[in-house]
Amino acid sequence: MLVMIHLSFLKFEDFLYSSLDLGIFTQSLAGFLKGRPLFNTVEWQLYGVSNHFGVHFQPILYLLVPVFKLFPSAKTLLTVQSLALGISVLLAYILAKRVLNEGLAIVLTVLYAFNSSLIGINLFEFHPVSLAVPLFLLAAVFLVEGRERAFILTSLLLLLVKEDTFLGVASLSLWWALRDSFSLESIKRNLRFIILAVLSVLYGVIVIKLVIPYFGNGYIYNGLYRHPAINGRKIIYFLLFNLSFGLFPLFLSRNWVLLTLPWLENLLASRPSQYSFGFHYPYMLVPLSFIGAVFTIRELREMRALRKTLAVLIALALIASWATMPVAKTHQKNLSLWFITLFSSPFRITKPHGKSSIFS
């Protein structure tokens, strides 16, 4: 948490947040202090909407208002994001320890903590979807512990994060409902989870088709899926992303129930950032892939072949994460340089000639 907060502050102080999103959410929350809740000039100028809900439906922003009122700064949002993603590391460990032994839980938690996509979410602007990452892991912990009411409440909170989160909630619910088999008996026994999945999808359709158009001029992202296609770049991204988790999510057939919908959302989109490292778009794929990896190892760890290759796959996963760490577009330097700078000069980074010494 402290490292990510520090790095986020360095980016902020050196004007390295080059997208619009940090400004959008800072001004949207500042509007509550000025009598114009969720208004920001960027979305007003680009899309003609006076409320952020006309672009994305993210009611979870209301929970940030009290904190922002006490500390009205963009740094507040960057801190909240790093705290949320840091908490997700703890929740990843708790989940892995509930399912596996402590040794494997620690190894997988390290793999998760250094995952390039997780760090990418943390360092690319601020987005409320970062709050969904720990919530998905918390929901999985509640499922493992048999706390169904807590799981349902967490799922409801997840649906408030963003209009597309219903894909992850529906996938997690169906995956758990079909954890034993795909039989009719299993469906009847877990009908409540299937109902939750159906209601989540219905909620998503209502939000996208009715709620967002009510606040704006229609759902502006429909155009991303008018010409769906799979190309070489998308396949490479898919393979590298899963390699960063040791390919474990792919080894268990029922994990496709867990991961197919979130993957299709990214791979079928025409926007390259949705199948590139260093962005916030895999905010569902990161926690769900970790969940899938944990249960894959639980079911396959008795196989001799897996025991022999486990260390190799984990090593490859760490290498894949390091190789795909977020890159600063302006200066094309790897994130590793950030860590070198951080630990070599932990107190203050000077700015020779008005530029950041991190990248210059």
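Above this note sits the structure.
Residues numbered from 1 in each chain as written. Predicted model: local features only at pLDDT ≥ 70, side-chain atom pairs only at ≥ 80, totals over all residues. Heavy atoms only, no water.

Trainee: Help me understand the pattern of salt bridges, please; the structure alone is not making it clear to me.
Mentor: When charged atoms on two side chains of opposite charge get close, those side chains can pair. Tallied over the full model, the rule gives six salt bridges. Note that Glu145 is salt-bridged to Arg98, the shortest N-O span being 2.8 Å. Residue Glu145 is located in the loop between α8 (132-144) and α9 (148-159), and its partner Arg98 is located in helix α5 (residues 74-99); the two are separated by 47 residues in the primary sequence. Among the residues examined, Glu145 registers a relative accessible area of 30% and is labelled partly exposed. With a relative accessible area of 47%, Arg98 lands in the partly exposed category. One salt bridge in this structure joins Arg298 and Glu299, with 3.9 Å as the shortest N-O distance. Here Arg298 falls in the partly exposed class, since its relative accessible area comes to 36%. (Salt bridge = Lys/Arg side-chain N within 4 Å of Asp/Glu carboxyl O. Helix = DSSP H or I, 4+ residues; strand = E, 2+ residues; numbered from the N terminus. Buried < 20%, exposed > 50% of the residue type's maximum accessible area, 1.4 Å probe, protein only.)

Trainee: What is the right way to read helix α2 (residues 21-34) from this model?
Mentor: Since the α-helix turns once every 3.6 residues, residues separated by three or four places project in the same direction. End to end, α2 covers 20 Å across 14 residues, agreeing with the expected 20 Å (1.5 Å per residue, within 8%). All buried positions along α2 are accounted for by Asp21, Leu22, Ile24, Phe25, Thr26, Ser28, Leu29 and Gly31. Buried residues along α2 sit against α1 (2-13), α3 (41-47), α4 (65-70) and α5. Of the residues one or two after α2, Gly35 is the one with positive phi, at around 85 degrees. (Expected span 1.5 Å × (residues − 1). Contact = heavy atoms within 4.5 Å.)

Trainee: Quick question: what am I supposed to make of α9 here?
Mentor: End to end, α9 covers 17 Å across 12 residues, agreeing with the expected 16 Å (1.5 Å per residue, within 8%). Every buried residue belonging to α9 is among Ala150, Phe151, Thr154, Ser155, Leu158 and Leu159, and all of these are buried. At its buried positions, α9 is contacted by α8, α10 (166-177) and α12 (191-215).

Trainee: Would you explain the side chain of Thr76 in this entry?
Mentor: By the element assignment, Thr76 lies in helix α5. Excluding anything up to four places from it in sequence, Thr76 contacts Val67 and Phe71.

Trainee: Teacher, can you tell me more about a nonpolar patch on the surface here?
Mentor: Taken together, the side chains of Leu184, Ile187, Leu191, Ile195, Leu199, Leu202, Ile206 and Leu210 present a nonpolar region at the surface, about 730 Å² in accessible area. Listed by contribution, the elements that provide at least two residues to the nonpolar patch are α11 (184-189) and α12. Among the elements that take part in the nonpolar patch, α12 stands out by supplying six residues, more than any other. Take Ile195: it is sitting in helix α12. (Patch = residues over 30% accessible without salt bridge, like charges linked within 9 Å, V, L, I, M, F, W, Y side chains within 5 Å. Areas by Shrake-Rupley, 256 points an atom, 1.4 Å probe, with all protein chains shown as cover.)

Trainee: I keep staring at the environment of Ala150 and nothing clicks. Help me out?
Mentor: For Ala150, the location among the structural elements is in helix α9. A relative accessible area of 19% means that Ala150 is categorised as buried. Placed 12 residues apart in sequence, Ala150 and Leu138 show a C-alpha to C-alpha distance of 9.3 Å.

Trainee: So what exactly am I meant to see when it comes to unusual backbone geometry here?
Mentor: Most of the time, phi is negative for any residue but glycine, and the peptide bond is trans. At Leu38, a residue that is not glycine, the phi angle is positive and equals roughly 65 degrees. You can see Leu38 is positioned in the loop between α2 and α3. A positive phi is found at Leu247, a non-glycine position, where the angle reads about 65 degrees. Along the chain, the position of Leu247 falls in the loop between α13 (232-243) and α14 (255-267). Given a relative accessible area of 25%, Leu247 falls into the partly exposed group.

Trainee: Can you help me understand the nonpolar core in this one?
Mentor: Grouped burial of nonpolar side chains is what soluble globular proteins tend to show. With 92 residues, the main nonpolar core has Tyr112, Leu172, Phe290 and Ile291 as its most contacted residues. Broken down by element, the residue count for this core peaks at 11 residues, all from α5. In this structure, Leu172 is in contact with Phe136, Ala139, Ala140, Leu143, Phe151, Leu258, Leu288 and Ile291, ignoring residues within four places of it in sequence. (Core = buried A, V, L, I, M, F, W, Y, C linked by side-chain atoms within 4.5 Å.)

Trainee: I tried to follow the environment of Tyr275 on my own but got confused; where do I start?
Mentor: Considering the arrangement of structural elements, one finds Tyr275 in the loop between α14 and α15 (285-300). With 41 residues separating them along the chain, Tyr275 and Lys234 place their C-alpha atoms 6.0 Å apart.

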